[in-house]
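Next come the chains, spelled out residue by residue.
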Amino acid sequence: MARRFSKSKTIDTRSEDEQQQDRSRRLRIVGPWAITALGPVLVEGGHLIVAGNPAALALATLGIAGTGAGLCKLLSHLDSKAKRDKDTVRLHQVNTITVTAAVTLGTITGVDTAATAGAWAIGGIGLSLANNLWSSFHKKGSEKGASKWEKLESEIGLAKHELKEAHSNGKGTVLATIEAKDGATAEDLARRIPAMASALKLGKGRITHTVDDDDSSLITMRVQVADLLKEGFPWRGPSAFGASIGDVPIRTGRYEDGEDVLLNITGMLRDPGPLSNGNVEHAIAMGVNGAGKTQGNQLIIVECGTRTEVSVIAIDCSKFQQDFGHVRHGIEWPIDKKDAARRFFKLLPNAIEKRTDHLAAMGLSKWEPGCGLNFLVVIGEEAADFAADNEHYQKILRTARAAGIWILTSIQRATHNNMDTDSRANSPAGLCFGLRDGADAQYCLPDEAIDAGAWPQWGNRKPGYHYAAGLGIPEDRWHITARTELASKRDQADAITAGAAIRTPLDTITAEAFGDLYVNRTTYDAPLLPKEEGEDDTPQQAAPAPTATATTPVAPAAPAYSGPPDEEMDGVDPDTMAREVEELTEMLQNVLDEDPEPGEYDHLRIEDEIEPPADDAPVFELGGDDSDKLTSEQGRQALYERLDQWVREGKNSFAPRDVTDIVIRVGLSDTKRWFYRQRDALLEAGVISEDESDEGFGKYDILRSPLS
């Protein structure tokens, strides 16, 4: 019986893709060695064919060189379509050029000599080893990078967005240039950014994008893979001590890519640097409690307090000393009361008019350094206390920028019930700190920043983190996260103290426009700082107690009344007390019996007429005579003098009853109408204004003295 022999067959359990990858790997390893070994045979055969014919040799040489050049260009195109990295592209180009040169030279000279054969062998072996090493070590990294983008393309739907170039700035940021293909748009990419962030395991807001202004198909995607702001940056001190506020921008912090946060608050700078010049842009600083708005405002005050041609007016009706006590001596006009803030905004239009008149007389359409006016920086902290439903605030924001006045409205949430929508529209710039809801950024940041991916929904977990838009900042940086520098209160106070020698006093035109309200303002000459270790308990800046003069004797303090002493009631005879009460009752009855009036008209009825009094009957008068009466002009002068006295005494408001004694002395039949005429004249002249506060109904604010 014949013996049967069977040939066992090995079953390959690998997938088709794995088998294909294995075949490709073998080809990459064996291919270079095959070319090195078989190439000389083919080249030498070609040399022998054309060596005897010079024309054929020349044509063959040109053909080989042209084929190599075409192959080199084709590989470059294929590498670009396959999105291979630059190093792989260079390797392909080196291989193609080297093989083309070797075949061309071998066809001309042949490889039958020891020199040409040795050169071919040495070059071929070296090139083969280089390709094998490249395939073994470099491919892992390139495949990993390519597979990530391919995964995004297949799973997220980015097939129509081609990654052109990607590079890292070495500071935790990757910048990628993406081209939209076949009608795709940047909006399509933006809708897929949340899914992309999830696939790359990044937080919301860490991937942003901008669109090229000239070509909407070109998109720059910015991926922040590391938070370099977490540890913060120490304060570097004033950015330009002693310079004019109109020379260079102010510096308040750093972006997450290490660049400085610079603000052009004046609109025009002699050296704007990376910023652009334009107009004054009022700003909104928004963020939840504890997000770092106040620290940012403090840095702005310190920057201004160490410059020339600038004055700071800080309004904080909630906790001025706590927020700005350490820099208060650098604030030209600190306002910490709601009524003072209300009067300030009522007088500010007058200052705007005077300042614009001065600029117009100099032929200027906006504030410029050297114009003779200080640039005014008005910082309103917790602005909801005075900005909501304040029509004066709305009007000021429309006109202040032309007068060289920048207003920063610091508020927790700039919704319509905290800040009028017109006021918000006239504050185009924004400093958006942490919010409870990232969607609230629309009340502070421009639409361009939000569309690019700005999302400040970190609440107060990251104090100082913020986005900055407007104020001359390039639009492509509006969506980049920044953080204010970390400065201690004492360092800031020392900088403000040093700046006292260079600060420019408020110009006369502005000071006179504010009048008595500015003259009677509160000022500080030293900071309010917490005590350091080793300091005594002496209160800082304690005001000296008023000393008694010789003409003003000091009355001894009276003891508090505590009722009659109990011992005086001891031993009182009840019978004696009863007799005293009885005697008092009898005395009162006698007084009533002796009064003739109650019984004199007992006979009269309600329909009877009362007899007229006798000619010699006494007449009761309220007092006063014609000699005490005032003419209309005298009454007006008395009213003006009363208001002037109140201004000098620091009284800021009054009610009509406070001037009744003057009104009743005016010798007119209708004194009430006379008072209303005087009131209307004072309102029109801007001397007084109506108190619009809830508790000020019927009262009037005194803005300045009518005699000044």
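Definitions and cut-offs
Note on numbering: residues in each chain are counted from 1, in written sequence order. pLDDT decides what is reported in this predicted model: residues at 70 or higher carry local features, side-chain atom pairs at 80 or more are listed and counted, and totals for whole chains, interfaces and linings draw on all residues regardless. To obtain the side-chain values, all non-hydrogen atoms of the structure were used and water was disregarded. Here, a strand pair is defined by DSSP locating no fewer than two bridges between the strands. Helix and strand assignments come from DSSP, with helices taken as H or I runs of at least 4 residues and strands as E runs of at least 2, each series counted from the N terminus. Axes here mean lines fitted to C-alpha atoms, for a helix over just the part in contact, with angles spanning 0 to 180 degrees between N-to-C directions. Computed over the protein atoms alone on a 1 Å grid, cavities are sets of points where a 1.4 Å probe fits but cannot get out and pockets are open sets with protein on both sides within 12 Å along at least five of seven lines; a residue lines them when it has an atom within 4 Å of a point. Grid points are joined across faces, edges and corners, and a volume is the space filled by probe spheres set on the points. Three categories are distinguished: nonpolar for Ala, Val, Leu, Ile, Met, Phe, Trp, Tyr, Cys and Pro, charged for Asp, Glu, Lys and Arg, and polar for the others, with Gly belonging to the last. Whether two residues are in contact is decided by their heavy atoms, any of which lying within 4.5 Å being enough. Exposed residues in this analysis have more than 50% of their type's maximum accessible area, buried residues have under 20%, and partly exposed residues fall in between, with area computed by a 1.4 Å probe over protein chains only.

1. Digging into the sheet that holds strand S9 (residues 333–335)
Thought 1: Judged by pairing direction, the sheet is mixed, and its ten strands sit side by side in the order S6-S5-S14-S13-S12-S7-S11-S10-S8-S9 without closing on themselves. The sheet is open, and its two edges are formed by strand S6 (260–263) and S9, each paired on a single side. Within the sheet, the average angular offset between the axes of one strand and its neighbour, ignoring direction, is 25 degrees.
Thought 2: For strand S7 (residues 283–286) and strand S12 (residues 429–432), the ladder comprises four bridges, and the chain directions are parallel. Within the sheet, the bridge partner assigned to Ile-284 lies in S12 and is Gly-430.

2. Some details on empty space enclosed by the protein
Thought 1: If you walk through the whole model with that rule in mind, you get two cavities of 30 Å³ or more.
Thought 2: In this structure, the largest cavity spans a volume of roughly 70 Å³.
Thought 3: Forming the walls of the largest cavity are Thr-252, Leu-263, Ala-285, Lys-293, Gly-296, Asn-297, Ile-300, Leu-431, Phe-433, His-466 and Thr-484.
Thought 4: If one sorts the elements of the lining of the largest cavity by residue count, helix H6 (residues 293–305) sits on top with four residues.
Thought 5: Of the residues assigned to the lining of the largest cavity, the class counts are five nonpolar, five polar and one charged.
Thought 6: Its boundaries defined by the atoms lining it, the second largest cavity holds a volume of some 30 Å³.
Thought 7: When residues in the lining of the second largest cavity are grouped by element, the largest group, four residues, is from helix H20 (residues 671–684).
Thought 8: Within the lining of the second largest cavity, the residues separate by chemical class into five nonpolar, one polar and one charged.

3. Side note on the sheet that holds strand S17 (residues 700–702)
Thought 1: If you trace the three strands from one edge of the open sheet to the other, you get S15-S17-S16, paired in antiparallel fashion. Sheet topology places strand S15 (653–654) and strand S16 (688–690) at the edges, where each strand pairs with a single neighbour.
Thought 2: Where S15 meets S17, two bridges bridge the pair, whose relative direction is antiparallel. Across the sheet, Phe-654 pairs through a bridge with Tyr-700, a residue of S17.
Thought 3: Running over the sheet, H20 touches S16 and S17 and is turned about 100 degrees from S16.

4. Some words on the environment of Gly-253
Thought 1: In this fold, Gly-253 is placed in strand S5 (residues 250–255).
Thought 2: Separated by 229 residues in the primary sequence, Gly-253 and Ala-482 place their C-alpha atoms 6.9 Å from one another.
Thought 3: Excluding residues within four positions of it along the chain, Gly-253 makes contact with Arg-236, Glu-259, Asp-260, Val-261, Arg-483, Thr-484 and Glu-485.

5. A few points about the pairing of strand S10 (residues 375–381)
Thought 1: Across the seven residues of S10, seven count as buried, placing the element largely inside the fold.
Thought 2: Here S10 shows two buried faces, one formed by Phe-375, Val-377, Ile-379 and Glu-381 and the other by Leu-376, Val-378 and Gly-380.
Thought 3: Bridge count between strand S8 (residues 310–316) and S10: seven bridges; the pairing is parallel. The partner of Ser-311 across the bridge, within S10, is Leu-376.

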